[in-house]
Amino acid sequence: MFPWIMWSVVLLAPFVVGGTLAFRTARRAVKADRAMRVLAERPGWRRLVPDGDGPWAGYAGHFPWLLRTRYGTAVAGPLGEHPVTVARLWEPVGRRDMRHWLVVCFDVADSGPMLRLERHWSAAELDLRFSGEIPYLVMSDDRAAMTERFYASDLPRRLTRCAAPAVSHARFGVCFAFPMPDVADMDALLDELAAMVPDLAALARSAAPAAPEKPQDAS
């Protein structure tokens, strides 16, 4: 009898673990939605409802692979110097499970050159791989020097403290993407992310300018 019990435990273990993870993710999504509803009630904030142009997709220029997801909940409002949009996106995984994402995008006019800080899971969406010994793959026009400057700064520590999102910095803004984190305090999370926006912009602008093309000899 005992071997049969052990064999049953081995067979059922993946389903139990999967069910636990799915329940945990769903609970985090509910908590994030609740926090966003609280934000939407504040002066200057609003809930974004899909209209004739479709749902909000301001993340598309930063993380185009998220376009495969479905619209969940989104709110927008002022935070410090920049407008911000907070959204939960989701996608089906298999027959019954769902994967949830939290996206936080700051609108920053002419914020500077492109800079991407890819996590292992976000790099995989781009068919990229990098060493498991480092948390971020730095992508910019001045990649080697930018990687050195990034890891010499306090940004890796601060990002890790904020559940280590993937980051996209572009001329039209800064966007953070997470597999749904356990948001204990949405206000604290948004304040931490907002505080990093100017530092990310300064880091992006520190990239060496591209070398000018040499004029071709007319002879």
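Quick note: structure is the one above.
Residues numbered from 1 in each chain as written. Predicted model: local features only at pLDDT ≥ 70, side-chain atom pairs only at ≥ 80, totals over all residues. Heavy atoms only, no water.

(A) Geometry of the layout of surface pockets. Size it by volume and the second largest pocket reaches roughly 160 Å³. As for the second largest pocket, its lining consists of Arg161, Cys162, Ala163, Pro181, Asp182, Val183, Ala184, Asp185, Ala188, Leu189 and Glu192. Residue contributions to the lining of the second largest pocket peak at 3 residues, all from helix α5 (residues 186-205). Split by residue class, the lining of the second largest pocket holds 7 nonpolar, no polar and 4 charged. (1 Å grid on protein atoms, 1.4 Å probe; cavity = no way out; pocket = protein on both sides within 12 Å on 5 of 7 lines; lining within 4 Å. Points joined across faces, edges and corners; volume = space filled by probe spheres on them. Helix = DSSP H or I, 4+ residues; strand = E, 2+ residues; numbered from the N terminus. Nonpolar A, V, L, I, M, F, W, Y, C, P; charged D, E, K, R; others polar.)

(B) Focus on the state of the cysteines. This model, assessed by the stated rule, comprises 1 disulfide. With a sulfur-sulfur separation of 2.2 Å, cysteine 105 is cross-linked through a disulfide to cysteine 175. What sets the handedness of the cysteine 105 and cysteine 175 disulfide is the S-S torsion sign, and at about -40° it is left-handed. With cysteine 105 in strand β4 (residues 97-107) and cysteine 175 in strand β8 (residues 173-179), the pair connects residues that are 70 residues apart, well separated along the chain. The pair formed by cysteine 105 and cysteine 175 is uniform in burial state, with each residue classed as buried. (Disulfide = S-S within 2.5 Å. Buried < 20%, exposed > 50% of the residue type's maximum accessible area, 1.4 Å probe, protein only.)

(C) Molecular detail of the nonpolar core. With 37 residues, the main nonpolar core has Val86, Phe106, Leu117, Phe176 and Leu193 as its most contacted residues. For this core, the element with the highest residue contribution is α5, accounting for 9 residues. In this structure phenylalanine 176 touches Phe63, Leu102, Val103, Val104, Phe106, Leu159, Pro165, Ala166, Val167, Leu193, Val197 and Leu200, once residues within four positions along its chain are discounted. Core analysis: the second largest hydrophobic core is formed by 16 residues, Phe63, Ala76, Ala87 and Cys105 among them. (Core = buried A, V, L, I, M, F, W, Y, C linked by side-chain atoms within 4.5 Å. Contact = heavy atoms within 4.5 Å.)

(D) Seen up close, unusual backbone geometry. Look at aspartate 127: it is not a glycine, yet its phi comes out positive at around 60°. Within the element layout of this structure, aspartate 127 appears in the loop between α2 (120-125) and β6 (137-139). Positive phi, close to 55°, is recorded for alanine 164, a residue that is not glycine. Relative to the elements of secondary structure, alanine 164 occurs in the loop between α4 (155-161) and β7 (166-170). Looking at alanine 164, the relative accessible area reads 11%, which means it is buried.

(E) Main features of the pairing of strand β5 (residues 115-118). Where burial is concerned, the two faces of β5 agree: the one with Leu115 and Leu117 and the one with Arg116 and Glu118 are both buried. Where β5 meets β7, 3 bridges bridge the pair, whose relative direction is antiparallel. Bridge assignment links leucine 115 to a residue of β7, and that residue is histidine 169. For β5 and β6, the ladder comprises 3 bridges, and the chain directions are antiparallel. Bridge pairing in β6 links arginine 116 to methionine 139. (Pairing = 2+ DSSP bridges.)

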